[in-house]
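So the chains spell out like this:
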Amino acid sequence: MNALWLFRTRGPLAQARAFALGFIAVTLTLALRVYLRDQVEAASLIFFVPAILLASATGGLWAGLFTTLLSGVSSAYFLLPPLYSMRVSSPFALMTLSVLALTGLFIAAICELLRKSIQRSEDANDALVLAHKAAEQLAAIVEGSSDAIIGKTVDGVITSWNKSSTSIFGYSPAEMLGAHVSTLIPSHLHAEEEAIRAPIAAGHIVSPFETCRLRKDGASIDVSIAISPVRDAQGLIIGASTAMRDITRR
């Protein structure tokens with residue numbers, strides 16, 4: 001089991017339980033301190049630190065502050081002279097209460113930061129898992145498409161080649177990955193590819209148009225082509241996605 005499970009953020013019910021846990025922990029600690037009154041210096045309040053830590057770990061900042069306050073009030077009333085009053089006459093006892101309050105505040109703040117850090121980490125991990133699943137679904141859609149879907153860099157180097165690309169053009173992925181897209185373009189249409197590059201680099205989608213392309217066996221086929229720019233996480237254009245449909249029979 002993950003040792004940090006206590007620090008994970010939970011709902012309102014868990015928060016209420018953390019407050020109740022803090023109350024119970026302080027009550028048990030106070031009972032122990034009263035029982036050990038003759039063996040432990042009255043001003044020693046270190047016994048309350050575990051209760052504050054437990055409440056802070058399970059409930060965060062506010063549960064930790066509540067437990068710290070409860071510890072201070074209980075100590076002032078039951079442990080520090082004069083007993084059974086909220087008056088703290090000794091400067092040393094007042095200093096001890098101040099140290100307890102600062103210690104509790106520090107523990108609660110650290111636990112809250114740790115809880116938030118763990119929550120952010122888990123949220124980022126969940127987002128990564130969702131992104132991975134979305135990428136897998138998209139890859140499955142691309143691979144199962146009846147159109148040839150070809151990814152390429154801005155310079156025209158082929159970076160992805162789906163199954164229908166092999167069916168339509170006859171080239172295997174091993175033959176085309178890293179090759180230039182001009183391999184598929186008749187020599188008299190190379191200028192067409194150059195004309196497409198400018199709008200793609202500017203972030204524009206190239207509307208479907210009809211043209212010719214070459215198969216591996218040298219045969220010319222009629223295709224309908226649509227091209228979209230591909231951006232990275234920062235929004236920079238790093239390539240293009242080309243969808244080609246064989247319309248030779250039509």
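Here, every reference points to the structure presented above.
Everything numeric in this text was worked out from a predicted model, so none of it was measured.

Calculation rules
- Residues numbered from 1 in each chain as written.
- Predicted model: local features only at pLDDT ≥ 70, side-chain atom pairs only at ≥ 80, totals over all residues.
- Heavy atoms only, no water.
- Phe/Tyr/Trp six-rings, centres within 6.5 Å; stacked < 30°, edge-to-face > 60°.
- Buried < 20%, exposed > 50% of the residue type's maximum accessible area, 1.4 Å probe, protein only.
- Lys NZ or Arg CZ within 6 Å of the ring centre and 35° of its normal.
- Salt bridge = Lys/Arg side-chain N within 4 Å of Asp/Glu carboxyl O.
- Helix = DSSP H or I, 4+ residues; strand = E, 2+ residues; numbered from the N terminus.
- 1 Å grid on protein atoms, 1.4 Å probe; cavity = no way out; pocket = protein on both sides within 12 Å on 5 of 7 lines; lining within 4 Å.
- Points joined across faces, edges and corners; volume = space filled by probe spheres on them.
- Nonpolar A, V, L, I, M, F, W, Y, C, P; charged D, E, K, R; others polar.
- Contact = heavy atoms within 4.5 Å.

Chemist: In this structure, what is going on with the packing of aromatic side chains? I would like to understand it.
Modeler: Both the distance between ring centres and the angle between the ring planes are used here to describe each pair of aromatic rings. For the structure shown, the criterion picks out five aromatic pairs. Measuring from ring centre to ring centre gives 6.3 Å for F78 and Y84, while their planes differ by 85°; the resulting arrangement is edge-to-face. Owing to a relative accessible area of 31%, F78 belongs among the partly exposed residues under this scheme. Ring geometry for W161 against F169: centres 6.1 Å apart, planes inclined by 45°, an arrangement best described as tilted. Judged by relative accessible area, F169 falls into the buried class, the value being 0%. Put simply, the rings of Y77, F78 and Y84 pair up and form one aromatic cluster. Cation over ring: R33 sits above F47, and NZ or CZ is 5.6 Å from the ring centre.

Chemist: What is the right way to look at the pattern of salt bridges in this model?
Modeler: Pairing between side chains becomes possible if they bear opposite charge and their charged atoms approach one another. For the coordinates displayed, the defined rule picks out seven salt bridges. Notably, a salt bridge pairs K116 with E112, separated by 4.0 Å at the nearest N-O pair. Of the two residues, K116 and E112 are both situated in helix α4 (residues 91-144); the distance of four residues between them amounts to about one turn of the helix. Given the relative accessible area of 44%, K116 is considered partly exposed. For E193, the salt bridge is made with K152, and the minimal N-O distance between the two is 2.7 Å. With E193 in helix α7 (residues 190-201) and K152 in strand β1 (residues 148-153), this residue pair connects regions lying 41 residues apart in the sequence. By relative accessible area, which is 7% here, E193 ends up buried.

Chemist: Can you help me understand empty space enclosed by the protein in this one?
Modeler: Inspection of every chain in the model, using the stated rule, returns two cavities of 30 Å³ or more. There is about 80 Å³ of room inside the largest cavity. Lining of the largest cavity is provided by K152, T153, V154, D155, G156, E193, I196, R197, I200 and A240. Among the elements that take part in the lining of the largest cavity, α7 stands out by supplying four residues, more than any other. A breakdown of the residues in the lining of the largest cavity according to their chemical character gives four nonpolar, two polar and four charged. Within this model, the second largest cavity holds a volume of roughly 50 Å³.

Chemist: Honestly, the environment of S172 in this entry has me stumped. Any pointers?
Modeler: Relative to the assigned elements, S172 resides in the loop between α5 (163-169) and α6 (173-176). Taking the C-alpha atoms as reference points, S172 and N162, separated by ten residues in sequence, lie 9.2 Å from one another. Beyond its immediate chain neighbours, meaning those up to four positions away, S172 contacts W161 and T166.

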